[in-house]
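Listed below are the residues making up each chain.
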Amino acid sequence: TEIYTLSLHDALPIYAEKEWAAAAVKVVNRAFPQESDDVRTWSDCARLLPHAQVSVDHAERSRVALGDSSVLLNQFGLYLKGRAEFIAARRAYERALKIDESAYGPDDPEIAAHLGNLGGVLQALGDLAGARAHLERALNMFEVAYGVSHPKVATPANNLGEVLRDSGDFAGARACVERALRIDEAAYGPNHPTVAMRLNNLGAVLLGLGDLAGARTQFEGALKILDLVLGPDHPRVAICANNLGLVLRDLGDLPGARAHFERALKIDQAVYGPNHPEVATDANNLGLVLRDLGDLPGARAHFEQALKIDKAAYGPDHPNVARNFNNLGLLLGDLGDLPGARANYERALKVFEHSVGPDHPSTQRDRKSVV
């Protein structure tokens, strides 16, 4: 059913405008997919997004149905983040958080989910300090409200672990992710997709710690669950396939690594299209293994693809962009283009120092993680 929003509010009496604004945001809120971070809902999300944005604007201006507005902002924020529209997602989360802080106060657990979502998009934008602050606050709220072992605690604990990993604190990251895994295994059993993603994220931490055997075990376990439960073409399968490829590359199994990167790239291109950051990650990692295999033209094409996507998605000063410059520099050095290599290394160093500081343990490749 198509939804129409009122555009002639200036011609209405104030009381009627408020009634229409409240009605519109309630209708759109009921229609907008609750699982808006699931790619299977995205066609509906795309159709409803303009109505959601207009109805929230009317409701906020009229100061009506703010609870529905907050929920709707959060839901289309999830969709926008999934589509890599990070700035728009951040604005949606910030608006939802402002509404709920005004309604419930700054320490109510109702706002913890918004804090967690805002922390996630700040992490994607490279603001690790801001992400950590929001996730620590969300975790504390959920612990106070529900107890330390409640499933609601697992998500911010996991996500805080991912921020700590990106910050180079692998010990702290491991403690957070293992805590989330214990909670979710107790709540959902060993074969749930959420448990699979915790296994994947633990594998990413173990990979950072150099425990290749442990990382491989976690990635293979996660991939087995997701293949069975979600099917072979789901984007979460691509995440685990990518990460398993990284371990196989480190173990010297270059053909196996290539096969997993190519599988991840194929899935993500089909799901997200050719210009999504997930595709950039797959392309970057496939470029690395092609370089290892001696296919320098193929590696160069994939590094340049990743750089183009990430610059468009994140802007010029994001750590992923620095990673891409670094890898392209390596490739140009292999090809004998030393001035080109130097120029790319200098760009990578400048971006890394700007985005994460001069002492951050930067990496050539991407481990993928999921909330």
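Refer to the preceding data block for the structure.
Remember, predicted model here, so these are calculated numbers, not experimental data. Sequence order sets the numbering: in each chain, residues are counted from 1 along the sequence as written. Residues qualify for local features only when their pLDDT is at least 70, as the model is predicted, and side-chain atom pairs are given and counted only at 80 or more; totals for whole chains, interfaces and linings, by contrast, use all residues. Values reported for side chains reflect all heavy atoms of the structure, with hydrogen atoms and water molecules removed beforehand.

1. A look at the pattern of salt bridges
By salt bridge we mean one thing: a side-chain nitrogen of Lys or Arg within 4 Å of a carboxyl oxygen of Asp or Glu. This model, assessed by the stated rule, comprises 21 salt bridges. Residues Arg40 and Asp38 are paired through a salt bridge, measuring 2.7 Å at the closest nitrogen-oxygen approach. On the accessibility criterion, Asp38 (17% relative accessible area) is buried. Across the pair Asp292 and Arg249 runs a salt bridge, and its minimum N-O distance is 2.5 Å. In this pair, Asp292 is assigned in helix α13 (residues 277-292) and Arg249 in helix α11 (residues 235-250), connecting sequence segments 43 residues apart. Among the charged side chains, a network of salt bridges with common partners joins Asp57, Glu60 and Arg95. Relative accessible area decides the class of each residue, using a 1.4 Å probe on protein chains only: under 20% of the type maximum gives buried, over 50% gives exposed, and in between gives partly exposed. Helix and strand labels come from DSSP, where a helix needs a run of H or I of at least four residues and a strand needs a run of E of at least two; each type is numbered from the N terminus.

2. Some thoughts on the nonpolar core
Definition of nonpolar core: a set of buried residues of the types Ala, Val, Leu, Ile, Met, Phe, Trp, Tyr and Cys, connected through side-chain atoms within 4.5 Å. One finds Phe32, Leu72, Leu73, Phe76 and Phe219 to be the most contacted residues of the largest nonpolar core, which totals 106 residues. Ignoring any residue separated from it by four or fewer positions in sequence, one finds Phe76 in contact with Phe32, Leu49, Ala52, Gln53, Val56 and Ala92. Pairs of residues are marked as contacts when any of their non-hydrogen atoms sit within 4.5 Å.

3. Some remarks on the packing of α13 against helix α14 (residues 296-314)
Convention adopted: a line fitted to C-alpha atoms gives each axis, helices being fitted over their contacting stretch, and angles between N-to-C directions are expressed from 0 to 180 degrees. The geometry of α13 relative to α14 is characterised by a closest axis approach of 8 Å and an angle of 155° between their N-to-C directions. When the interaxial angle is binned, α13 and α14 end up roughly antiparallel. Crossing geometry of α13 relative to α14 is assigned as left-handed. Residue-level inspection shows Pro277, Val279, Ala280, Ala283, Asn284, Leu286, Gly287, Leu288, Leu290 and Arg291 of α13 in contact with α14, the latter providing Leu296, Gly298, Ala299, His302, Phe303, Gln305, Ala306, Ile309, Asp310, Ala313 and Tyr314. Basically, the charged four are Asp, Glu, Lys and Arg, the nonpolar ten are Ala, Val, Leu, Ile, Met, Phe, Trp, Tyr, Cys and Pro, and anything else, Gly included, counts as polar. The residue makeup of the contact of α13 with α14, split by class, is 14 nonpolar, five polar and two charged. Put simply, angles under 35 degrees are roughly parallel, angles over 145 are roughly antiparallel, angles from 65 to 115 are roughly perpendicular, and the rest are oblique. Put simply, a crossing is left-handed when the front helix is turned counterclockwise from the back one by less than a right angle, and right-handed when it is turned clockwise.

4. Considerations on the packing of helix α3 (residues 66-82) against helix α5 (residues 112-124)
It is the contact of α3 with α5, at a shortest axis distance of 11 Å, that shows an interaxial angle of 25°. Relative to α5, the element α3 is oriented roughly parallel. Between α3 and α5 lies a crossing of left-handed hand. Residue-level inspection shows Ser70, Asn74, Leu78 and Lys81 of α3 in contact with α5, the latter providing His114, Asn117, Gly120 and Val121. For the contact of α3 with α5, the class distribution of residues is two nonpolar, five polar and one charged.

5. Let's talk about helix α7 (residues 151-166)
Expected helix span is computed as 1.5 Å times (number of residues minus one). With 16 residues, α7 extends 24 Å between its outermost C-alpha atoms, agreeing within 8% with the 22 Å of an ideal straight helix rising 1.5 Å per residue. For α7, the buried fraction is high: twelve of the 16 residues fall into the buried class. What α7 keeps buried is the set Val153, Ala154, Pro156, Ala157, Asn158, Asn159, Leu160, Gly161, Glu162, Val163, Leu164 and Arg165. In this structure, the buried residues of α7 make contact with α5, α6 (128-146), α8 (170-188) and α9 (193-208). In the segment just after α7, Gly168 is the residue with positive phi, at about 95°.

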